[in-house]
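Close look at the chain arrangement
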Amino acid sequence: MGNKNKGAKRQLENAVSEQNTLKRSKQNNGSKKLPSPPSEDEIVLEENSEVSSEDDLSISEGGDDDDDDEDDDDDDDDEDDEEDDDEDDEEDDELDELDDLDDNEAEGRDDDEDEDEDNDKDSEDNDKPVDPNKKTSKEQHSEQRKLLGERKLQRKAGAQVQEIKRIWEKLRVTKPAPTKQQRDKLCDEMWELSEDVINDLVLKHDASRVVQTLIKYSSKERRDKIVNALKGSFYQLATSAYGKYLLIKILHYGSKESRALVVNELHGKLRKLMRHREGAYVVEDLFVLYSTAEQKQQMIREFWGSEYAVFKESGKGKTVLEVTNESSEKKQLIMHNLFGTIKASVEKGSTGFQILHAAMKEYVTILAADLDTNDSAIREFIDLLSEQFAELVHTQEGSEVACTLLAMANAKERKGLVKSLKTHQNELIKNEYGNLVLIALFMTVDDTVLTYKSFGGEMFTPELLPELIQDKFSRRPILYILKGLDGRYFAPNVKQSLLRYEELAYKKTSKKDKKVKRNELLNKSIEPIYKALQPSLEDSALASLLSNNMAAQFISELILTTTENEKVNTELRPELLKAIIKNAIQGDVLEDYHLLNKARFTTRLIKALVQGSEYKFDNDTKKVVEVEDSVNIPGTGAQFAEEIADVIVQSGKSAEWTSGQPAFVFVSVLEVLLLAKSKHAEALKKELKKHKKKMLKEEDKGSKLLLEFI
């Protein structure tokens, strides 16, 4: 080996030496004899060859984009044939794009040539004369642009297209924007020029925008004419990088009849479009924004298979379970087609599409119907979606899919799904549908330590919690921890859905007792929740929270939640109650800025705390009654009522509490103190007797209720 290496090294040195010798010899020859100047005929031939060669190179530059489009359609052989038919149109688009790129390219090449000239001056080895008759790069590109302009005019309807674009430039000006009369006139001129060549415009990047503007500003009759002229080419538009925007404009501004034409023409092609990079966006907009409920069902049935894609009436009026229960062959075929479409779309990055979520919902409905038989399919489907699981939660259909998968997943799979959701927890809890996924997670995952670490640690912070409790949706997962599925905060259909997911989870995977699971979450969460609210007690932040109906309700439920946590019972809850007395009871109750007058729902908060868990309002007797076997919550009930009574009596302004919203608080306090047989009740009655004449003159409802206690 050593000899071979030495031999190779000697050969390399000899080769380098020979190259240097040859180079010196060429330099010496160049210095002795300069090349003779070319003749005029040679110069002309050289210039023509340069222009034509550069033109050929420029025209061939954009071809890679077409290859990329075709790569996206490998799953559908039929689409490749249709794209081949469009190659001529796409090449024309590339020529149009050269207009935008010429200036940049020219500047770049000028810079390169300048650098080359500087290098030639500094280099001693390349001392060659400059041809004075050779054209500059700017002149060459000027000729190239002229040549491209002539080619455009030679195309089909080339002159019309140039004139249409000239009018369009006037129409799209925004400063100052044309008047309606001017706009209508320009639209009429554009339509006269484009009416016969509309199909030649729609697939070009600049001309397509012209037609989009025409649709936007035209009358219904003209839009219908454009749609009818394009009939038969909607699929081609949907798969075109430029045509898809025109098709979306047609859906947006078109009539119901126009949308129906598009839906009917694309029927049978939706599965192909969902696998297409451009077409998937058109299908999504069509499904979410422009389809009726019946059309949406028709679009979803198409994912069941070819039979339902060809025949619109096939399966109409039936659910996917009703169809799959007809025969095992149909079940296998529909499951195969749904999974194939879903998998291809997920791999292409379309996981967030609502129409795909609707297809997933059909698939998981079949899976959930028979957990044992479909076990392997369930495992495969969860594995497919585990990394992109968070993209399901923002739609109603996707939320249902996510909750069902959480219910069907085993312990190991749930850890992966929790991990996927953890990085999106803020968006998850604030979303209208995402918060239900979080609640389903609390109800189904047995590992409460994992659940709390993944979500509780960051939710229950002074920075985030005050914001969460003011929102209708984001407060619900926390309210579930405190109160379970309370009917005051969960609509019957929502509650029914969540209980269905819980039942599905306990069929096979979840084992821990439901009450034990929620209590574990409650014990871990309640102290951090109180601590997260503590900074609000020191300034006006608590008054702001109590001024919000959602937040006031939450604070009420938090205080009235029983717990064995000693710190909460002896320190944190009393501190919060004291702050409520300060913000909502003390002060001048006649002023508009007082919370009892400013936010009338504050009265409900105070009444709830006065009644606590020991008392409640009975709808039959229309009176407050005691609750049997109630658990005393420290600081609430009669104890809280006595603190309010002290404020009323000691302030010396009890007359201010005999009308308006304060009077209803007074009534509630008296009702509870009388039932508790407290001495404070008699003190309040004495105060009322002082103001009997004043209350008799009042026509206030609260005053009349107070008179009943005298």
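Residues numbered from 1 in each chain as written. Predicted model: local features only at pLDDT ≥ 70, side-chain atom pairs only at ≥ 80, totals over all residues. Heavy atoms only, no water.

The next point concerns the overall build of the protein. Scanning the protein from N- to C-terminus turns up 41 helices and 2 strands. Going through the 710 residues of the protein one by one, you find that 45% of them count as buried. Counting contacts in the protein only where the partners sit at least 6 residues apart, residues at least 24 apart contribute 70% of the total. Accessible area for the protein stands at about 37900 Å²; split by element, carbon and sulfur atoms hold 47% of it. (Helix = DSSP H or I, 4+ residues; strand = E, 2+ residues; numbered from the N terminus. Buried < 20%, exposed > 50% of the residue type's maximum accessible area, 1.4 Å probe, protein only. Contact = heavy atoms within 4.5 Å. Areas by Shrake-Rupley, 256 points an atom, 1.4 Å probe, with all protein chains shown as cover.)

Attention now moves to the UniProt feature "repeat: Pumilio" (unreviewed entry) in the protein. Sites flagged by UniProt as "repeat: Pumilio" (unreviewed entry) map to residues 192–228, 229–264 and 265–301. As annotated, residues 229–264 has a helix share of 75% and a strand share of 0%, and its two end C-alpha atoms lie 16 Å apart. What you have in residues 265–301 is 73% helix and 0% strand, and the ends, taken at the C-alpha atoms, are 16 Å apart. (UniProt positions renumbered as here; feature names shortened; annotations may be inferred.)

With that out of the way, let us pick up the UniProt feature "coiled-coil region" (unreviewed entry) in the protein. Feature annotation in UniProt places "coiled-coil region" (unreviewed entry) on residues 674–701, given in this structure's numbering. For residues 674–701, the helix share is 75%, the strand share is 0%, and the end-to-end C-alpha distance is 21 Å.

Turning our attention to the pattern of salt bridges. Under the criterion given, the structure shown has 26 salt bridges. Salt-bridge contacts for Lys 517 lead to Asp 446; the nearest nitrogen and oxygen are separated by 3.0 Å. Note that Lys 517 is positioned in helix H31 (residues 514–533) and Asp 446 in the loop between helix H26 (434–444) and helix H27 (448–459), a separation of 71 residues in sequence. A residue is classified by how much of its surface remains accessible, and Asp 446, at 18% relative accessible area, is buried. Where Arg 488 meets Asp 486, a salt bridge forms, and the shortest distance between an N and an O atom there is 2.9 Å. Judged by its relative accessible area of 57%, Arg 488 is exposed. (Salt bridge = Lys/Arg side-chain N within 4 Å of Asp/Glu carboxyl O.)

Assignment of secondary structure puts Gln 295 in helix H17 (residues 293–301). Taking the C-alpha atoms as reference points, Gln 295 and Asn 264, 31 residues apart in sequence, are found 9.3 Å from one another. Those residues within four positions of Gln 295 in sequence are excluded, and the remaining contacts are Ala 260, Val 263 and Tyr 290.

Below, the discussion takes up helix H38 (residues 660–675). The end-to-end C-alpha distance of H38, which contains 16 residues, comes to 24 Å, matching closely the 22 Å that a straight helix rising 1.5 Å per residue would cover. Along H38, the positions that sit buried rather than exposed are Gln 661, Pro 662, Ala 663, Val 665, Phe 666, Val 667, Ser 668, Val 669, Leu 670, Val 672 and Leu 673. On its buried face, H38 is in contact with helix H35 (595–598), helix H36 (601–611), strand S1 (615–618), helix H37 (638–651), helix H39 (679–690) and helix H41 (701–707). Lys 677 sits one or two positions beyond H38 and adopts a positive phi of about 55°. (Expected span 1.5 Å × (residues − 1).)

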